[in-house]
Amino acid sequence: MPPVAEDRSRSFPTPAVVRLLDTLEKPLIVADRTGNLLLVNARARHHLETQGFKETDDPNLFSDLLKVDSANIFGKVEKGEHAVNAQIGPMERRDAARIQWIPETDWLVVEIESKLETQADPTTRLTVQELLQEREITYRNLLAAYLKLQEVNRQKTVFLASAAHELKTPLAVIKGYYDLLLAGSLGRLTDKQTDILEESKESCERLVRLVSMFLNYSALESGKLVLQLRENDLRDCLDELSKRWSEVFQRKGVRFEANIDPSIATFRFDYQKVQQVAANLLDNALKHTPNGGTVMLRAAPHFWERRVAAMAPVEERRRFRLPRPNSVEVSVKDSGAGIPAEHHQEIFEDFVRVDRNTSGMGLGLAIAKRLIQAHRGKIWVESDPAGGSRFSFLLPMDQG
Ligand code: ADP
C-alpha cells in the first residue's frame with residue numbers, strides 16, 4: 001500500500017501534503033470512483049496492516065475493504081447525503097467508517113473509526129486494570145486493619161477504664177485514713193510521722209488525679225461527656241482549688257499566688273470540669289517549676305471578640321462593642337523550664353509528652369482542651385524557654 005498512488009492521479013497531493021496527512025491521528029483513505037486507493041495515510045496503513053493487508057497489496061475500496069457495491073455509496077452521496085456510514089475490514093473484525101464524497105475531484109474520503117485506535121493496547125489495559133484492582137485490595141486491607149485497630153483500641157480503653165474504676169474506691173479509702181491519721185483522730189503523731197504521712201497522702205492524691213484523669217479521658221473518648229451546666233461562681237471554684245493547691249506548692253518550695261478578680265459575675269459552666277482543667281494546669285506547673293520558682297493563678301473578666309466570616313468594619317465594631325465582658329480568662333503562669341515553640345500545638349494532643357523527666361500520661365492538656373472546647377471556649381499556651389510558660393483558657397459566659 002504505497003502512501004500515494006501517483007500513477008493514478010497526477011493532480012494528487014504533493015509529498016509535503018502527504019506528510020501532513022500522515023501526522024493526522026485518524027486513519028484516512030482517499031479513493032477514486034472505481035475504488036482505487038489514491039492515498040492511505042500512515043495511521044490507515046498501520047490499520048490495514050493489522051487487518052492482514054500487506055505493504056505490497058493494493059486493495060480495492062469497494063470489493064476488498066467496504067465489501068459493498070460502489071453504486072450503493074454513490075447512490076447515497078449523489079442524492080445529497082453529506083456522509084455515509086459504512087463498515088470496513090475483514091468480516092471477523094469490522095470497523096466503522098465514515099465516507100465523504102468530494103464532487104470536484106470525484107474522490108471518496110474514508111475516515112476509519114478504528115476500535116484498535118480508540119482502545120488502549122490490551123497489555124496496557126490489563127496493567128491498568130490490575131493496578132486498580134491492587135489499589136482496591138490495598139485500600140480494603142488498610143480499612144480492615146484500621147477498623148481492627150480501632151476496635152482493639154476501644155477494648156483497651158474500656159479495659160483500662162474499668163481497671164481505673166476499680167482503683168477509685170480503694171484509693172478513696174486510703175486517702176480517708178490519711179486524713180483521719182493526720183487529724184490526730186487515731187492518736188498523736190510525731191513530726192516525722194506527720195511528714196511521712198503528708199508525703200504519702202500527696203502521692204495518693206496524685207494517683208487519684210491520674211485515675212480520674214484516665215476515667216475522664218475514656219468518658220470523653222466514648223462520647224459520654226455530658227456537661228453539668230449550672231449557674232456557678234467561678235471565684236468559688238478557683239478559690240477552693242487554690243486552697244487545696246497552695247499547701248502542695250508550699251511543700252515543694254514554690255511560691256504560689258492566686259489572683260481571682262472579685263468582679264467576675266456568675267455564669268453557666270460545669271463546676272467540676274472547669275476545676276479539673278485548672279487543676280491539670282496547676283499540676284503541670286508544679287511538675288515543671290523547680291524549687292524557688294513561682295506559679296500564678298489568675299482569673300479576670302475578658303471581652304472576647306470572636307472572629308466571624310463577615311466582620312463589620314472596625315469602627316462599627318467599636319461603636320457596638322458590648323458594654324460588659326462576655327467571657328472569663330483564666331491563666332496559670334509558671335517560672336519553669338518553658339516549652340519550645342514547635343511543641344505548642346502537639347502538647348494538646350492525646351498521649352503527647354515532651355518532657356520525659358516528669359511523670360504523667362500525656363493526657364492532662366488533651367483532656368483540658370476537650371473540656372474547654374465543650375464549653376465553646378479555647379485554650380492555648382505562650383511560652384519562652386527562658387521565661388516559663390503561661391497556659392490560658394477562655395470561657396464564654398453565654399453558655400445557653
Ligand atoms: P503529662 O503532664 O501527663 O505529660 P500533659 O498533657 O499535661 O501530660 O502535658 C503534655 C506535655 O506538655 C508534658 O509532657 C510537658 O512536656 C509539657 N508541659 C505541660 N505543661 C508544662 C509546663 N507548665 N511547663 C513545661 N512543660 C509543660
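Residues numbered from 1 in each chain as written. Predicted model: local features only at pLDDT ≥ 70, side-chain atom pairs only at ≥ 80, totals over all residues. Heavy atoms only, no water.

### A short note on the confidence of the model for the protein chain
Detailed conclusions should not be drawn from predicted coordinates in areas where pLDDT is low. Filter applied, for reference: Every residue carries a pLDDT, the predictor's confidence in it, which falls somewhere between 0 and 100. Should any heavy atoms of two residues lie within 4.5 Å, those residues are counted as being in contact.
Summing up the model confidence of the protein chain, the mean pLDDT is 85 and the portion of residues at 70 or higher is 88%. Counted against residues more than four places away or in other chains, residues 6-10, with its pLDDT under 50, gives six contacts.

### Describing the sheet that holds strand β3 (residues 83-88)
In a beta sheet, neighbouring strands pair by backbone hydrogen bonds and run either parallel or antiparallel. In plain terms, the rule: In short, DSSP must find at least two bridges between two strands for them to pair. Runs of E in the DSSP output that reach at least two residues are strands. Runs of H or I that reach at least four are helices, and both are numbered from the N terminus. Think of each axis as a best-fit line through the C-alpha atoms, taken over the contacting stretch in the case of a helix, with angles from 0 to 180 degrees between the N-to-C directions.
Strand order in this open sheet of five strands is β2-β1-β5-β4-β3, and the pairing throughout is antiparallel. Only two strands of the sheet have a single partner each, and these edge strands are β2 (37-40) and β3. The sheet shows a mean angle of 25 degrees between the axes of neighbouring strands, taken without regard to direction. The pairing of strand β1 (residues 28-31) with strand β5 (residues 107-113) spans four bridges and is antiparallel.

### What to know about the pattern of salt bridges
Keep this limit in mind: Any Lys or Arg side-chain nitrogen found within 4 Å of a carboxyl oxygen on Asp or Glu counts as a salt bridge. Only protein chains enter the accessibility calculation, which uses a 1.4 Å probe. A residue is then buried if its area is under 20% of the maximum for its type, exposed if over 50%, and partly exposed in between.
Taken as a whole and judged by the stated rule, the model has 23 salt bridges. Salt-bridge contacts for K26 lead to E113; the nearest nitrogen and oxygen are separated by 3.0 Å. Here K26 is found in the loop between α1 (15-22) and β1, whereas its partner E113 is found in strand β5, with 87 residues between them in sequence. E78 serves as the salt-bridge partner of R33, at 2.5 Å between the closest nitrogen and oxygen. Of this pair, R33 sits in the loop between β1 and β2 while E78 sits in helix α4 (residues 70-78), placing them 45 residues apart in sequence. The class for R33 is partly exposed, based on a relative accessible area of 34%. Connected via shared salt-bridge partners are K175, D179, K201 and E205.

### Points about the layout of surface pockets
Rolling a probe over the atoms, with the probe sized like a water molecule, indicates the empty space that remains. Note the following rule: Each cavity reported here is a set of points on a 1 Å grid over the protein atoms alone in which a 1.4 Å probe fits but cannot get out, each pocket an open set with protein on both sides within 12 Å along at least five of seven lines, and each lining residue one with an atom within 4 Å of a point. Grid points are joined across faces, edges and corners, and a volume is the space filled by probe spheres set on the points. All amino acids are sorted into three groups, where Ala, Val, Leu, Ile, Met, Phe, Trp, Tyr, Cys and Pro are nonpolar, Asp, Glu, Lys and Arg are charged, and the leftover types, Gly among them, are polar.
Estimates place the volume of the largest pocket at around 840 Å³. Together, 29 residues line the largest pocket, and K175, E205, V208, R209 and R244 are the ones closest to its centre. Looking at the lining of the largest pocket, the element that brings in the most residues is helix α7 (residues 191-221), giving 10 residues. In terms of residue class, the lining of the largest pocket is made up of nine nonpolar, six polar and 14 charged. Of the pockets and cavities examined, the second largest pocket occupies roughly 600 Å³.

### What to know about the packing of aromatic side chains
The geometry of two aromatic rings is summed up by the distance between their centres and the angle between their planes. We count it as follows: Here a pair means two rings of Phe, Tyr or Trp (six-membered ring of Trp) with centres within 6.5 Å. Their orientation is stacked below 30 degrees between planes, edge-to-face above 60, and tilted elsewhere. Whether a charge sits over a ring depends on NZ of Lys or CZ of Arg being within 6 Å of the ring centre and within 35 degrees of the ring normal.
The full count for this structure, using the stated rule, is nine aromatic pairs. With centroids separated by 6.4 Å and ring planes inclined at 85 degrees, the aromatic side chains of F74 and W101 adopt a geometry described as edge-to-face. Of the two residues, F74 is situated in helix α4 and W101 in strand β4 (residues 95-102); the sequence distance between them amounts to 27 residues. For W101, a relative accessible area of 24% gives the class partly exposed. Arranged with centres 6.0 Å apart and planes meeting at 50 degrees, the rings of F214 and Y217 form a pair that is tilted. Of this pair, F214 and Y217 both sit in helix α7, three residues apart, which is roughly one turn of the helix. An aromatic cluster is built from F62, F74 and W101, whose rings are joined through pairwise contacts. Here R33 stacks its cationic end above the ring of F74, 4.0 Å away from the centre of that ring.

### Things to note about the sheet that holds strand β9 (residues 294-302)
Taken in spatial order, the five strands of this open sheet run β7-β9-β10-β12-β11, and their pairing is mixed. Of all the strands in the sheet, the pair left with one neighbour each is β7 (255-260) and β11 (378-384). Taking each pair of neighbouring strands and ignoring which way they run, the sheet shows an average axis angle of 15 degrees. The pairing of β9 with strand β10 (residues 327-334) spans eight bridges and is classified as antiparallel. Bridge pairing in β10 places L297 opposite V332. Lying over the sheet, helix α8 (residues 234-252) contacts β7, β9, β10 and β12 (388-396), oriented at roughly 175 degrees with respect to β7.

### Focus: the environment of Q51
With respect to the helices and strands, the residue Q51 is situated in the loop between α2 (42-50) and α3 (61-66). Taking the C-alpha atoms as reference, Q51 lies 9.3 Å from R94; in sequence the two are 43 residues apart. In this structure, Q51 is in contact with I88, G89, P90, R93 and D95, ignoring residues within four places of it in sequence.

### Some words on the site of the ligand
To be explicit about the condition: Summary of the distance rule: residues count as near a molecule or strand when at least one heavy atom falls within 4 Å of that molecule or strand. Polar contacts, as used here, are pairs of N or O atoms within 3.5 Å; protein pairs need one atom able to donate a hydrogen and one able to accept it. Residues neighboring in sequence count only if both atoms are side-chain atoms. Surface exposure here means Shrake-Rupley accessible area, sampled with a 1.4 Å probe, where a residue is shielded only by the protein chains that are shown. Assignment to a cavity or pocket requires that more than half of a molecule's atoms be within 2 Å of the site's grid points.
Near the ligand there are 18 residues, and of these N284, K287, D334, R353 and D355 occur at the shortest range. Within the backbone of G364, an N or O atom sits 3.3 Å from an oxygen atom of the ligand. When the ligand sits alone it has 530 Å² of accessible area, and the protein chains cover 97% of it. Counting atoms within 2 Å of the grid points, the majority share of the ligand lands in the second largest pocket. Among the secondary structure elements, those contributing two or more residues to the shell around the ligand are α9 (271-288), α11 (364-374) and β12. Broken down by element, the shell around the ligand gets its largest block of residues, three residues, from α9. Residue classes in the shell around the ligand are distributed as eight nonpolar, six polar and four charged.

### Re the side chain of E111
Mapped onto the secondary structure, E111 falls in strand β5. For E111, the contacting residues outside a window of four places in its chain are K26, P27, L28, A96, A97, R98 and Q100.

### Observations concerning the packing of α9 against α11
For the record, the criterion: Convention used here: angles under 35 degrees read as roughly parallel, angles over 145 as roughly antiparallel, angles from 65 to 115 as roughly perpendicular, and any remaining angle as oblique. Throughout, a crossing is termed right-handed when the near helix is turned clockwise from the far one, and left-handed when it is turned anticlockwise from it by less than a right angle.
One can describe the packing of α9 onto α11 by two numbers: an axis separation of 9 Å at closest approach and a directional angle of 150 degrees. One finds that α9 runs roughly antiparallel with respect to α11. In this structure, α9 meets α11 at a crossing whose hand is left-handed. Residues K273, Q276, V277, N280, L281 and N284 of α9 form the contact with α11, whose own contacting residues are G364, L365, I367, A368, L371 and I372.

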